[in-house]
Amino acid sequence: MTVGDVDIHLVEMGEGPLVLLVHGFPESWYSWRHQIPVLAAAGHRVVAIDVRGYGGSSRPARVEDYRMMRHVADNVALVEALGERTAVVVGHDWGAPIAWSSALLRPDVFRAVAGLSVPFAPSGPTRPTDAFAAMGGDEEFYISYFQEPGRAEAEIEADVRGWLRGMYFTASGEGVLAALEGGLPPMSAVAPGARMRDRFVEPGEPPAWMSEEDLDFYVGEFERSGLAGPLNRYRNVDRDWEDLAVMRHRPIEVPALFAGGELDGPTMWGGNAIDRFPTTLPRLHRSEILPRCGHWVQQERPDEVNDLLLDFLSAPR
């Protein structure tokens, strides 16, 4: 579907109020395969997109074309192109900040918002790349590692299947537990001169919640589309900080839901953001931390996430 100056590939099911599902890195519309039929059966028009840069969607060449304002504009234009005036927006991983920002900037369009794995955190006074550099210490925080165009692409595209398999396993609940039991260092930091995958827990097979067929789908998507677009999202954190500075102290004023995994890095790092929800999300419906769950919450715990979303979607407004 053409929205503005890009084409957005989408998968749609059901009739009723629009629910827009926005994936993260390194994912796809397919990341919502467990949610799409359940939400549709409950009476919703469910649309899961490939974010610009991914899968069947357009892949602009310029880094700045992946700034947050462009993603929000895609979502707004998509709602209109679908013939709707409003939607509930749900995002996971990078899709969560895209969803949070969509509701923050356009509450007239996005009447409710749910974020998975990454809590809402208004931008602070420190430039993000400076903050990430400090987080790495003597090593390199993974977002810092992703900043140089071509660097992470070379690592991942040399072995897309192996990299994705290791990434999905290592960031899952079972991978985090295996790393803790083995005394392994966290994946979030890259040693000097090393690669991100050097910190992966290598299982030799996908995690238990992902079939070989699921992995095949993701591998096919990224071997076809490449990784430049997805990684360019990370290369706009400073632009986003500048663009959204005017909204720095403004809360999200529509109903909100958060769900994260107990063993997920962004949930653990985001403890302070979660503590501020009474101020930043004054209409918070629920905040749920799923025990022994890792980063891929809607795939690791589909039934629990579906229950949370259905409860949220059915709540009086």
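On a predicted model such as this, the values are computed, not experimentally measured, just so you know.

A. Representation of the overall build of the protein in the model. When you go through the protein residue by residue, the secondary structure sums to 16 helices and eleven strands. The C-alpha radius of gyration of the protein comes to 18 Å, within 12% of the 20 Å expected for a compact globule of 317 residues. Taking the principal axes of its C-alpha atoms as reference, the protein extends roughly 50 × 45 × 40 Å. For the protein, with 317 residues in total, the buried portion stands at 57%. Put simply, 79% of the contacts in the protein that link residues at least 6 apart link residues at least 24 apart. About 12700 Å² of surface is accessible on the protein, with carbon and sulfur atoms providing 52% of the total. Computing the positive centroid from 29 side-chain charges and the negative centroid from 47, the protein places the two 5 Å apart.

B. Fine view of a nonpolar patch on the surface. Taken together, the side chains of Met 135, Met 268 and Trp 269 define a hydrophobic patch exposed on the protein surface, amounting to about 340 Å² of accessible area. Note that Met 135 resides in helix H4 (residues 128–136).

C. Representation of the environment of Arg 286 in the model. Looking at the element boundaries, Arg 286 is found in strand S11 (residues 284–290). Of the residues examined, Arg 286 reaches a relative accessible area of 35% and is grouped as partly exposed. For the pair Arg 286 and Ala 256, spaced 30 residues apart in sequence, the C-alpha separation works out to 7.4 Å. Ignoring anything within four residues of it in the chain, the contact list for Arg 286 reads Ala 256, Leu 257, Phe 258, Leu 308 and Asp 311. Engagement of the side chain of Arg 286 in a polar contact is seen with the side chain of Glu 288, the distance being 3.1 Å.

D. Local environment of the packing of helix H7 (residues 160–170) against helix H9 (residues 212–225). Taken N-terminus to C-terminus, the directions of H7 and H9 make an angle of 125°; their axes are 10 Å apart at the nearest point. As the angle between them shows, H7 and H9 are arranged oblique. The hand of the H7/H9 crossing is right-handed. Side by side, H7 and H9 meet where Val 160, Arg 161, Leu 164, Arg 165 and Tyr 168 of the first sit next to Glu 212, Leu 215, Asp 216, Tyr 218, Val 219, Phe 222 and Glu 223 of the second. Considering only residue class, the contact of H7 with H9 consists of seven nonpolar, no polar and five charged.

E. Quick look at the side chain of Ser 101. Here Ser 101 lies in helix H3 (residues 95–105). You can call Ser 101 buried: its relative accessible area is 9%. Not counting residues within four places of it along the chain, the set of residues in contact with Ser 101 comprises Met 68, Val 72 and Leu 244.

F. Main features of the nonpolar core. In terms of nonpolar packing, the biggest core is built from 95 residues, with Phe 25 and Met 196 touching the most fellow members. Contact partners of Met 196, with chain neighbours within four places excluded, come to Tyr 142, Tyr 145, Phe 146, Glu 155, Trp 163, Met 167, Met 187 and Val 190.

G. Looking closely at the sheet that holds strand S3 (residues 10–13). Spatially, seven strands are ordered S3-S5-S4-S6-S7-S10-S11 in an open sheet, and the strand pairing comes out mixed. Bordering the open sheet on either side are S3 and S11, each of which pairs with just one other strand. Each strand axis lies, on average, 15° off the axis of its neighbour in the sheet, ignoring direction. Note: strand S4 (residues 18–22) against strand S5 (residues 45–49), five bridges, orientation parallel. Looking at the pairing, Val 19 lines up with Val 46 of S5. In the packing of H3 onto the sheet, contacts are made with S4, strand S6 (87–92), strand S7 (110–116) and strand S10 (256–261), and the angle to S7 comes to roughly 155°. Sitting on the sheet, helix H16 (residues 302–314) is in contact with S4, S6, S7, S10 and S11, with an inclination near 175° to S11.

H. Seen up close, the pairing of S5. Taken across its five residues, S5 has five buried, putting it largely inside the fold. Residue alternation in S5 divides its side chains into two sets, Arg 45, Val 47 and Ile 49 and Val 46 and Ala 48, and both sets are buried. Direction of pairing for S3 relative to S5: antiparallel, over a ladder of four bridges. Looking at the pairing, Val 11 lines up with Ala 48 of S5.

Criteria and cut-off values
- Residues numbered from 1 in each chain as written.
- Predicted model: local features only at pLDDT ≥ 70, side-chain atom pairs only at ≥ 80, totals over all residues.
- Heavy atoms only, no water.
- Helix = DSSP H or I, 4+ residues; strand = E, 2+ residues; numbered from the N terminus.
- Rg over C-alpha atoms; globule rule 2.2 N^0.38 Å.
- Buried < 20%, exposed > 50% of the residue type's maximum accessible area, 1.4 Å probe, protein only.
- Contact = heavy atoms within 4.5 Å.
- Areas by Shrake-Rupley, 256 points an atom, 1.4 Å probe, with all protein chains shown as cover.
- Lys, Arg positive; Asp, Glu negative; His and termini not counted.
- Charge placed at Lys NZ, Arg CZ, Asp CG, Glu CD.
- Patch = residues over 30% accessible without salt bridge, like charges linked within 9 Å, V, L, I, M, F, W, Y side chains within 5 Å.
- Salt bridge = Lys/Arg side-chain N within 4 Å of Asp/Glu carboxyl O.
- Polar contact = N/O pair within 3.5 Å; in protein donor to acceptor, adjacent residues only side chain to side chain.
- Axes fitted to C-alpha atoms, helices over the stretch in contact; angles between N-to-C directions.
- Parallel < 35°, antiparallel > 145°, perpendicular 65-115°, else oblique.
- Left-handed = near helix turned anticlockwise from the far one by under 90°.
- Nonpolar A, V, L, I, M, F, W, Y, C, P; charged D, E, K, R; others polar.
- Core = buried A, V, L, I, M, F, W, Y, C linked by side-chain atoms within 4.5 Å.
- Pairing = 2+ DSSP bridges.

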